[in-house]
Amino acid sequence: MSAKIVQNMLKRVPFSRMCMSQIRTKATLPTLAFEYKDLEPIISRDIMEIHHQKHHNTYVVNYNNTLDKLQTAVTKDDTATIISLAPALKFNGGGHINHSIFWDILTPHSTKPSDDLNKALIENFGSCDEFKKQLAAASINVQGSGWGWLGFNPQTKKLCVASCANQDPLFPTTGLIPLFGIDVWEHAYYLQYKNVRADYVNAIFEVINWDAVSKRFAEASA
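About the criteria used
Each chain has its residues counted from 1, following the order in which its sequence is written. The model is predicted, so local features are restricted to residues of pLDDT at least 70 and side-chain atom pairs to those at 80 or more, both for listing and for counting; the totals for chains, interfaces and linings are taken over all residues. Based on all heavy atoms of the structure, the side-chain values leave hydrogens and waters out of the count. Helix numbers and strand numbers start at the N terminus; a helix is a DSSP run of H or I with at least 4 residues, a strand a run of E with at least 2. The buried label applies to any residue whose accessible area, calculated with a 1.4 Å probe on protein chains only, is under 20% of its type's maximum; exposed applies above 50%, and partly exposed to all values in between. The criterion used for residue contact is that any of the two residues' heavy atoms lie within 4.5 Å. What makes a salt bridge here is a side-chain nitrogen of Lys or Arg within 4 Å of a carboxyl oxygen of Asp or Glu, nothing more. Pairing between strands requires that DSSP locate at least two bridges from one strand to the other. Multiply 1.5 Å by the residue count of a helix minus one, and that product is the helix's expected span. Polar contacts here mean pairs of N or O atoms no more than 3.5 Å apart (in protein, one a potential hydrogen donor and the other a potential acceptor; neighbouring residues in sequence count only if both atoms are side-chain atoms).

## Quick look at the overall build of the protein
Logical step 1: Check the secondary structure of the protein and you find eleven helices and three strands.
Logical step 2: Counting helices and strands in the order they occur from the N terminus, the protein gives α-α-α-α-α-α-α-β-β-α-β-α-α-α.
Logical step 3: Taking all 222 residues of the protein together, 48% fall into the buried category.
Logical step 4: Of all intrachain contacts in the protein linking residues separated by at least 6 positions in sequence, the fraction that spans at least 24 positions is 72%.

## Digging into the pattern of salt bridges
Logical step 1: Summed over all chains, the structure comprises five salt bridges.
Logical step 2: The shortest N-O distance in the salt bridge between Asp-38 and Lys-37 comes to 3.4 Å.
Logical step 3: Since its relative accessible area comes to 26%, Asp-38 is described here as partly exposed.
Logical step 4: On the accessibility criterion, Lys-37 (48% relative accessible area) is partly exposed.
Logical step 5: A salt bridge links Glu-49 to Arg-45; the nearest nitrogen and oxygen atoms lie 2.6 Å apart.

## Considerations on the pairing of strand 1 (residues 146-153)
Successive side chains on a regular strand alternate, one facing one side of the sheet and the next facing the other.
Logical step 1: Within strand 1, eight of the eight residues are buried, leaving the element largely enclosed by the surrounding structure.
Logical step 2: Between strand 1 and strand 2 (residues 158-165), which follow one another and run antiparallel, lie four residues, and Lys-157 among them has a positive phi close to 65°.
Logical step 3: The sheet contact formed by strand 1 and strand 3 (residues 177-183) spans six bridges and is antiparallel. Counterpart to Phe-152 in the pairing with strand 3 is Ile-177.

## Quick look at the environment of Asp-211
Logical step 1: Tracing the backbone through its elements, the reader meets Asp-211 in helix 11 (residues 210-221).
Logical step 2: Judged by relative accessible area, Asp-211 falls into the exposed class, the value being 51%.
Logical step 3: The spacing of Asp-211 and Thr-111 is 100 residues in sequence and 6.5 Å in space, taken between C-alpha atoms.
Logical step 4: Once residues within four sequence positions are removed from consideration, Asp-211 is found in contact with Thr-111 and Lys-112.

## A closer look at helix 11
Logical step 1: Compared with an ideal rise of 1.5 Å per residue, which puts twelve residues at 16 Å, helix 11 spans 16 Å between its outermost C-alpha atoms and is within 8% of the ideal.
Logical step 2: All buried positions along helix 11 are accounted for by Trp-210, Ala-212, Val-213, Ser-214, Phe-217 and Ala-220.
Logical step 3: In this structure, the buried residues of helix 11 make contact with helix 5 (86-104), helix 6 (115-125), helix 7 (128-140), strand 1, strand 2 and strand 3.
Logical step 4: The N-capping residue of helix 11, defined by a side-chain oxygen 3.2 Å from the backbone nitrogen of Asp-211, is Asn-209.

Structure representation (structure tokens):
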């Protein structure tokens, strides 16, 4: 009985395929492809180190601890505990998923969208600059903490801008495949940009790894 409850619970709770696969394999903190200092002056070394080593690592630790509790509850057929763990799984699992994507789409190197992605941006937004304006607006206007996203709709085959609250992951929440996310939790920018979220959001486009975003687009649209 408990196994079915877990399956049904996970269907309702925003999880991605990666999170589902980690029900039996613990999450690990990903290694960055660059040094903490490499995104300066757009993102300071201090922010990068704290964001990665403290904030993301906390999501990983809490997710794994919650996963242990879930596995114990399933073994004991403890339905009440299984259900009560859903919020922690969603928050910490989502935090790990979102940040893993975030690190992947940042780079100190100069990159540009692939021809296919650039064409899709123009078709869906009118221009790359208009896309940036729409994503920036969606990110800046998040109330409280959350994320702004560029996503791919697998049903309509179109690119969409969206936002999610807290650590809700994009695909299970909206059905959009995440291509590019902007973390607008204060821990992502406050040490450097204070309370001026807009300055951080507009600056981050300077360190986007368009090679990684283009790869995600190619895989999503294949």
